[in-house]
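If you want the building blocks of each chain, they are given just below.
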Amino acid sequence: MSSSRICVAVRKRPCDADKDIVTAQSPQCIVNEPKVKYDLTPYTERHNFVFDEVLDEKVGNREVYNRCCRPLIDTLFSNGNATCFAYGQTGSGKTHTMLGHDAEPGLYACAAKDIFTRCKAQNQEVFASFYEIYGRKMFDLLNERAKLVAREDADKVINICGLSEHAVASVDELFNIINKGSAYRAAGMTSANAESSRSHAVLQMEVHEKGSSKTIGRISFIDLAGNERGADTFDCDRKTRMEGAEINKSLLALKECIRALGVGKAHVPFRGSVLTEVLRDSFLGNSRTTMIATISPTSAHCENTLNTLRYTQRVKDLSGGGQAAQVDPSAARVAAAKGGNAAPNNKKAQRPTPEPSALKRPEWMDDFNNEDNANNNNGEFAQIKLPPPPPGAVPSARRGDAGPSAPTKAQRNKREVAVKDPKIATIVQNHLKEMEVDELEGGSGGDDDDDNSANVTPTPAGAGVAAALQRQEVKQVRAVHAHVVRAISRAEEDIMAMHRRHIDVKMSGIKEEIKAIQALEDQDTVDEYVSKVAGLLTKQRREIDVILDNLNKLQSMLRDEEELSRTLTPVVKAGGGKRRSVV
Ligand SMILES: Nc1ncnc2c1ncn2[C@@H]1O[C@H](COP(=O)(O)OP(=O)(O)OP(=O)(O)O)[C@@H](O)[C@H]1O
């Protein structure tokens, strides 16, 4: 394993030799992409990547552990935070690597074995928790999938309230609880594998001094959602599109955080997603991270494999201690078309820990806390605080007290509508005004064209300004779409809380109405009855109007989302290649 704080590894899963297009020779990973020229002559494009470790199909889980994860245990026992991610497309071997099976225990078991041995010798104990992050929600897999709530404490630290911790003293005990948790993860879904790809599963083990609540160190294993889920989901149903957008957002945010930490940036964008915000502590202080990208080496998975490797290469190139990718001249053409490789950063800088006061309250915290707020408002029914919509615009549910800082010229340019189609241009224009700077830049720091979110059709060589503009248009529509998806999920949670509150108020209103009728029958005058009932019904009508108003706004956003995703849906060209219908 690399001596740097971040180890970036790739693991190739086995496949039939005749379909294998990947050569894994650590530290190199070569993908031989089968391609066809315009005159239909087949040829192979070679892509060469370099990582800290490249593990071929013969390497077992124990060796993966020894080469990539063992130093994480030292970090754990030196008051540190260790983190290990498995990243890759569905079926590429993330769960195989993390969990393994009886015949070949995975990283959880290998790490647990070492941890228990050391704990026994040092009179320490281990507590495990296991939860999943699905969209913007979190569920405790060791407590019947109870919904978890993240709260920020006075020190601006995010705590996952209600997360159960379980004392474990052996690998068997750990596995019993993981198996129990995995069953909850799969429950209620059509296919366990399909669903597991849509959530990030987090197993945490904390070491304590025996009998003390003081944490010595923590290790987190994260089996990430399948990365292809975050890519082109525009032609799927809305649920899948929303999931895809959330996954995309969290994977981009994760990469940004690892990169920022690696190069010692003062600002680490933990707020980018629930995943990174919740894992913030894991990256701070004395921390060490291993990222294992898993790939399927068949030609059928070539596109996903290249996406995985490009993402991973970005993490490596910019995470400090890294060495730039070696790209074959044949592949360099593609790299150049995509904006080229970033300069290597071989200097490992010291990452400063952000001051607590500098850590802004994440915007998604509001959603977690929203239900509580709704229940604590002493019966007063408040409208969701939506920003005033621009004239003719569809309002968004964005909230948060920190207003955007004064935009630079480049940022102002990004607010200019690039899309030509008048209908889509109107939608884009309406939303551009409410988008924040990082959203305008596609949430990826603006320098990645190989991200899933910017995974647009390659521009044909020599296609010139028109093609470049098309690319820009697609990028803008994608950014606006991602913004609308986020606004929808926030508005959805707000409306649910508001509706629940309304039902409570309505129930007590009905009781009041019954009382008013009884009072009229018993002793009240008709004037008293009229005034009581008119007051009650007027209040209800006001509340219903607020709900209807918010439902209409949500409906508009849903329509916009539909239009934008339809625009982005890839359509097949007569010639076989993909083209977007956006412009
Ligand atoms: N390196 C490997 N060696 C042997 N078998 C493997 C390897 N990698 C994956 N497999 C097998 O491939 C299948 C799919 O792997 P796995 O479930 O780990 O994929 P995944 O990336 O976790 O998918 P998902 O994102 O859907 O959870 C499993 O049967 C697994 O045992």
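Residues numbered from 1 in each chain as written. Predicted model: local features only at pLDDT ≥ 70, side-chain atom pairs only at ≥ 80, totals over all residues. Heavy atoms only, no water.

**Some words on the overall build of the chain**
What counts is decided by this rule: Helix and strand labels come from DSSP, where a helix needs a run of H or I of at least four residues and a strand needs a run of E of at least two; each type is numbered from the N terminus. Classification of residues uses two cut-offs on accessible area relative to the type maximum, computed with a 1.4 Å probe and protein chains only: under 20% is buried, over 50% is exposed, and between them is partly exposed. We call two residues in contact when some of their heavy atoms are within 4.5 Å. Residue burial considers only the protein chains on display, and all accessible areas are found by Shrake-Rupley using a 1.4 Å probe.
Per the secondary structure count, the chain includes 16 helices and 18 strands. Residues classed as buried in the chain amount to 52% of the 583 residues present. Considering only contacts within the chain whose residues lie at least 6 apart along the sequence, 72% involve residues at least 24 apart. Of the roughly 26,500 Å² of accessible surface on the chain, a fraction of 52% belongs to carbon and sulfur atoms.

**So, empty space enclosed by the protein**
Applied cut-off: The method works on a 1 Å grid over the protein atoms by themselves. A cavity is a set of points holding a 1.4 Å probe that cannot get out, a pocket is an open set with protein on both sides within 12 Å along at least five of seven lines, and residues with an atom within 4 Å of a point line them. Grid points are joined across faces, edges and corners, and a volume is the space filled by probe spheres set on the points. Polar here means any residue other than Ala, Val, Leu, Ile, Met, Phe, Trp, Tyr, Cys and Pro, which are nonpolar, and Asp, Glu, Lys and Arg, which are charged; Gly is therefore polar.
Scanning all chains against the criterion turns up five cavities of 30 Å³ or more. When its volume is computed, the second largest cavity comes out at roughly 90 Å³. In terms of lining residues, the second largest cavity is bounded by 13 residues, among which Gly-135, His-200, Glu-246, Ile-247 and Ser-250 are the most central. Where the lining of the second largest cavity is concerned, the elements lending two or more residues are helix H6 (238–262) and helix H7 (274–278). In terms of residues, the lining of the second largest cavity owes the most to one element, H6, which gives four residues. Among the residues forming the lining of the second largest cavity, the class breakdown is five nonpolar, five polar and three charged.

**Examining a nonpolar patch on the surface**
Cut-off, in case you're wondering: Candidate patch residues must exceed 30% relative accessible area and have no salt bridge, after which like charges are joined if within 9 Å and Val, Leu, Ile, Met, Phe, Trp or Tyr side chains if within 5 Å. By salt bridge we mean one thing: a side-chain nitrogen of Lys or Arg within 4 Å of a carboxyl oxygen of Asp or Glu.
Together, Leu-520, Val-526 and Val-530 make up a nonpolar patch on the protein surface, roughly 240 Å² of accessible area in all. Secondary-structure assignment places Val-526 in helix H16 (residues 526–568). Judged by relative accessible area, which is 52%, Val-526 ranks as exposed.

**Brief notes about the UniProt feature "binding site: ATP" (unreviewed entry) in the chain**
What counts, and what does not: UniProt positions are given in the numbering used here, feature names are shortened, and annotations may be inferred rather than shown by experiment. Polar contacts, as counted here, are pairs of nitrogen or oxygen atoms within 3.5 Å of one another; within protein the pair requires one atom able to donate a hydrogen and one able to accept it, and residues that are adjacent in sequence qualify only if both atoms are side-chain atoms.
Per the UniProt annotation, the sites labelled "binding site: ATP" (unreviewed entry) are Gly-88, Gln-89, Thr-90, Gly-91, Ser-92, Gly-93, Lys-94 and Thr-95. Its place among the elements puts Gly-93 in the loop between strand S6 (81–88) and helix H2 (94–98). Note that Lys-94 resides in helix H2. Contacts of Lys-94, omitting those with residues within four sequence positions, involve Ala-86, Tyr-87, Gly-88, Gln-89, Asp-223, Leu-224, Ala-225, Gly-226 and Thr-294. At 3.1 Å, the side chain of Lys-94 and the backbone oxygen of Gln-89 are in polar contact.

**A word on the UniProt feature "coiled-coil region" (unreviewed entry) in the chain**
With numbering aligned to this structure, UniProt lists the feature "coiled-coil region" (unreviewed entry) at residues 537–564. The span residues 537–564 is 100% helix and 0% strand, and its two end C-alpha atoms sit 40 Å from each other.

**Here's the deal with unusual backbone geometry**
Along the chain, Ser-26 connects to Pro-27 via a cis peptide bond; the corresponding omega equals 5 degrees. Position of Pro-27 among the secondary structure elements: in the loop between strand S2 (22–25) and strand S3 (28–36). Although it is not a glycine, Asn-79 sits at a positive phi angle of roughly 55 degrees. Along the chain, Asn-79 turns up in the loop between helix H1 (61–77) and S6.

**Structural notes on the pattern of salt bridges**
Opposite charge on two side chains allows them to pair when their charged atoms are near. Within the structure shown, the criterion is met by 18 salt bridges. The salt bridge involving Glu-53 is made with Arg-67; its shortest N-O contact spans 2.9 Å. Taken together, the residues Glu-53 in strand S5 (residues 53–55) and Arg-67 in helix H1 connect sequence positions 14 residues apart. Looking at Glu-53, the relative accessible area reads 12%, which means it is buried.

**Observations concerning the sheet that holds S2**
Adjacent strands of a sheet pair through backbone hydrogen bonds, lying either parallel or antiparallel. Quick note on the threshold: Pairing between two strands requires that DSSP report at least two bridges joining them. Every axis corresponds to a line fitted to the C-alpha atoms, with the helix fit spanning only the stretch in contact, and the corresponding angles, defined between N-to-C directions, vary from 0 to 180 degrees.
Reading across from one edge, S2-S3-S4 is the order of the three strands in this open sheet, with antiparallel pairing throughout. Each of the sheet's edge strands pairs with one partner strand only, and the pair in question is S2 and strand S4 (42–50). With direction set aside, neighbouring strand axes in the sheet form an average angle of 15 degrees. Here S2 pairs with S3 via four bridges, running antiparallel. Bridge assignment links Val-22 to a residue of S3, and that residue is Val-31.

**Overview of the environment of Leu-254**
Tracing the backbone through its elements, the reader meets Leu-254 in helix H6. Note on Leu-254: relative accessible area 2%, which makes it buried. Counting along the chain gives 19 residues from Leu-254 to Ser-273, while the straight-line C-alpha distance between them is 8.0 Å. Residues contacting Leu-254, with those up to four places away along its chain left out, are Phe-85, Leu-224, Leu-275, Thr-276, Phe-283 and Tyr-311.

**Some thoughts on the packing of H6 against helix H9 (residues 302–317)**
Each packed pair of helices is defined by two parameters, the angle between the axes and the distance between the axes. The condition that has to hold: Small angles under 35 degrees read as roughly parallel and large ones over 145 as roughly antiparallel, with 65 to 115 read as roughly perpendicular and the rest as oblique. Crossings are assigned a handedness: left-handed for a near helix turned anticlockwise from the far helix by less than a right angle, right-handed for a clockwise turn.
As a packed pair, H6 and H9 sit with axes 8 Å apart at the nearest point and diverge in direction by 25 degrees. In terms of orientation, H6 and H9 fall into the roughly parallel class. When you trace H6 past H9, the crossing you get is right-handed. Contacts between H6 and H9 involve Leu-251, Leu-254, Lys-255, Ile-258 and Arg-259 from the first element and Tyr-311, Arg-314 and Val-315 from the second. Here the residues of the contact of H6 with H9 are counted per class, giving five nonpolar, no polar and three charged.

**As for the environment of Val-50**
Looking at the secondary structure, you find Val-50 in strand S4. For the pair Val-50 and Cys-29, spaced 21 residues apart in the sequence, the C-alpha separation amounts to 6.2 Å.

**A word on the packing of helix H13 (residues 422–432) against H16**
Two elements in contact, H13 and H16, have axes whose closest approach is 10 Å; the angle formed by their N-to-C orientations is 125 degrees. Considered as vectors, H13 and H16 are oriented oblique to each other. At the point where H13 passes H16, the crossing takes the left-handed sense. In this structure, H13 uses Lys-423, Ile-424, Ile-427, Val-428 and His-431 to contact H16, whose residues at the interface are Asp-560, Glu-563, Leu-564 and Thr-567. When the residues that make up the contact of H13 with H16 are grouped by side-chain class, the tally is four nonpolar, two polar and three charged.

**Some words on the nonpolar core**
What counts, and what does not: Buried residues of nine kinds, namely Ala, Val, Leu, Ile, Met, Phe, Trp, Tyr and Cys, make up a nonpolar core once their side-chain atoms join them within 4.5 Å.
In terms of nonpolar packing, the biggest core is built from 48 residues, with Phe-85, Tyr-131 and Met-138 touching the most fellow members. At seven residues, the largest contribution of residues to this core is made by H6. Counting residues in hydrophobic clusters, the runner-up holds 43 residues, among them Val-59, Ala-86, Ala-109 and Phe-130.

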